[in-house]
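As a plain string of letters, each chain reads:
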Amino acid sequence: MSTKRKRSFSDIVDEYFENIEEMMEQMQAMLTEKPSWNQKACTIEPLRDIVVTPTEVIVTVDLPYAEEKTVKIKPLEKNVLEIRAKMKKKVKFNELGITHRKGEFQEFHCQTRIPVPVHTKKMKILFKKGILKICLPRKEEFTIPIE
Amino acid sequence: MTEEVEIIEKKQVPSDAVMLFGFPDVGLVGVIAASHLISETKDLEEVAYIDSKLLPPLAVLHEGLPYSPIRIFGNKNVLLAISETPISTETIYPIMNALIEWGRNKKAKTMISLTGIPIQERQDVQELKVFAAASNTELLKSVQDKNVEILKEGYIVGPQAIMLRRCAQLDLPALVLLAQCYFNYPDPEAAAEVLNGLARITGIKVDVSQLLEKGEEIRLKARDVMKRTQQELSKMKKTQEYDIPLYIT
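A quick note: this is a predicted structure, and the numbers were derived from the prediction, not measured.

**Describing the pattern of salt bridges**
Next, step 1: One pass over the structure, following the stated rule, counts 25 salt bridges over all chains.
Next, step 2: Linking A:R48 and A:E45 is a salt bridge whose minimum nitrogen-to-oxygen distance equals 3.2 Å.
Next, step 3: Across the pair B:R71 and B:E84 runs a salt bridge, and its minimum N-O distance is 3.2 Å. Of this pair, B:R71 sits in strand β6 (residues 70-74) while B:E84 is found in the loop between β7 (78-83) and α2 (92-105), placing the two residues 13 residues apart along the sequence.

Laid out in structure tokens, this is it:
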């Protein structure tokens, strides 16, 4: 006698979407798997984080060795920010413990997609302890009134 | 030791030592602290390493020679397990259970996991606090007597959580020391604080000035390990440490 439990339609749909989500995550990981530096452009990609609050989006970027006055934030297309910052000193591969590659880095560079609509012109920027903090007010979105 | 995880000894391992753990986690606090401890304590040398098919297919190269990503360093007073690669969620249980069993066989007098606890607006905090959780009440009391605050309620997630639970189960004295830190960025300041906390509790002292002076260099070097660690932290639902617990009494 089979012990296999019959699954409800909603179980099958949930599983289907979970599988798709997992596949999407794997594909995303494969697409984004690349070195965190660009030898040709002499740039390093910094670590960054995005937090969405009800009123604003906060982007933080870890920029050790960055010179505050060289930090540049440029809105590219809709909801994409380009962040650049020059380093106080050039860093060679061998200073990072890598002796089999040649090259040096003098700038941080990254592009970050903001997940919700924001007012890029109203952004506030703070730089403290080598951490860049960008606060972007969210655009008011359509709300459904409660009846 | 479990069948899946083998701990290979290279040298004679001391008994009655304090066994420390420094694994990739929030702010890489444990790994940075453990690396600093190794470089500052001249007689800490590799005494054992983990061999397991559960580990990713990689070798860590040092001076052209291959090493396991999880190694145990030791001298007559200290055993220190350090991982140079994040431990995936699926392998945390077998790896931690094997290390605890091994430490138990070596009669480790206390097991201490060095790690971090993330806080928001970390860059605005001048003095970082160190918290502790323990496997028994006597140890908690002794930690409190040394002015280390207790992490009374909440969740801890990751290898240190398994270590603490398993040691409580086996009635082994164990501590988790957690320094306030960044979630996603390497935090040498927090590593220095956790080492200061360790010194207060155990008397294992190291000079942390180099750790603070070389802070920017460490943050730059640790970027790629942090990035890979972030991926594992997300899989193990590390953000649960921010959750407000529901206790049913």
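From this point, the discussion proceeds with the structure in view.
**Description of the sheet that holds strand β3 (residues 47-52) of chain A**
One key point about sheets: their strands pair by backbone hydrogen bonds, in either a parallel or an antiparallel sense.
All names here are of chain A.
Next, step 1: On the basis of which strands lie adjacent, the open sheet formed by 4 strands has the order β3-β4-β9-β8 and antiparallel pairing. Each having just a single partner strand, β3 and β8 (124-128) make up the two edges of the open sheet. Averaged over all adjacent pairs, the angle separating strand axes in this sheet is 15°, with direction ignored.

**Some points on the interface of chain B and chain A**
Next, step 1: On the chain A side, the residues contacting the 21 residues of chain B number 25 residues.
Next, step 2: Here chain B meets chain A over a buried area of about 2200 Å², counting both sides, of which 47% is carbon and sulfur.
Next, step 3: Ranking the residues of chain B by area buried against chain A places B:Y185, B:L220 and B:R223 at the top, with a combined share of 33%.
Next, step 4: At the junction of chain B and chain A, the tally comes to 4 salt bridges.

**Observations regarding helix α3 (residues 137-145) of chain B**
Next, step 1: Taking the backbone nitrogen of B:E138 as reference, a side-chain oxygen 3.2 Å away marks B:N136 as the first, capping residue of α3(B).
Next, step 2: In the stretch just after α3(B), B:N147 is the one whose phi turns positive, near 60°.

**Section: the sheet that holds strand β7 (residues 104-113) of chain A**
Residues and elements named next belong to chain A.
Next, step 1: Taken in spatial order, the 5 strands of this open sheet run β1-β2-β7-β6-β5, and their pairing is mixed. Strands at the two margins of the open sheet, each flanked by one partner only, are β1 (37-38) and β5 (72-75).
Next, step 2: Alignment of β5 against strand β6 (residues 80-92), held across 4 bridges, turns out to be antiparallel. Each bridged residue has a counterpart across the sheet, and for K72 the counterpart in β6 is R84.

**Thoughts on the packing of helix α1 (residues 29-40) of chain B against helix α5 (residues 188-202) of chain B**
Residues and elements named next belong to chain B.
Next, step 1: Packing of α1 against α5 leaves a shortest axis separation of 8 Å and a crossing angle of 65°. Relative to α5, the crossing made by α1 is right-handed. Contacts between α1 and α5 involve V29, I32, A33, H36 and L37 on the former and, on the latter, P188, A190, A191, V194 and L195.
Next, step 2: A breakdown of the residues in the contact of α1 with α5 according to their chemical character gives 9 nonpolar, 1 polar and no charged.

**Focus: the nonpolar core**
Across soluble globular proteins, nonpolar side chains have a tendency to be buried as a group.
Next, step 1: Within the largest apolar cluster, 88 residues are counted, with the highest numbers of intra-cluster contacts made by B:L99, B:M111 and B:M163.
Next, step 2: Among all residues touching B:M163, those that are not within four sequence positions of it are B:F21, B:M96, B:I100, B:M111, B:S113, B:A174, B:L175 and B:V176.
Next, step 3: In this structure, A:I44, A:L81, A:L136 and B:L220 belong to the second largest nonpolar core, which totals 26 residues.

What counts as what
- Residues numbered from 1 in each chain as written.
- Chains lettered and ligands numbered in written order.
- Predicted model: local features only at pLDDT ≥ 70, side-chain atom pairs only at ≥ 80, totals over all residues.
- Heavy atoms only, no water.
- Salt bridge = Lys/Arg side-chain N within 4 Å of Asp/Glu carboxyl O.
- Helix = DSSP H or I, 4+ residues; strand = E, 2+ residues; numbered from the N terminus.
- Pairing = 2+ DSSP bridges.
- Axes fitted to C-alpha atoms, helices over the stretch in contact; angles between N-to-C directions.
- Contact = heavy atoms within 4.5 Å.
- Buried area = accessible area lost by both parts, 1.4 Å probe.
- Polar contact = N/O pair within 3.5 Å; in protein donor to acceptor, adjacent residues only side chain to side chain.
- Left-handed = near helix turned anticlockwise from the far one by under 90°.
- Nonpolar A, V, L, I, M, F, W, Y, C, P; charged D, E, K, R; others polar.
- Core = buried A, V, L, I, M, F, W, Y, C linked by side-chain atoms within 4.5 Å.
- Buried < 20%, exposed > 50% of the residue type's maximum accessible area, 1.4 Å probe, protein only.

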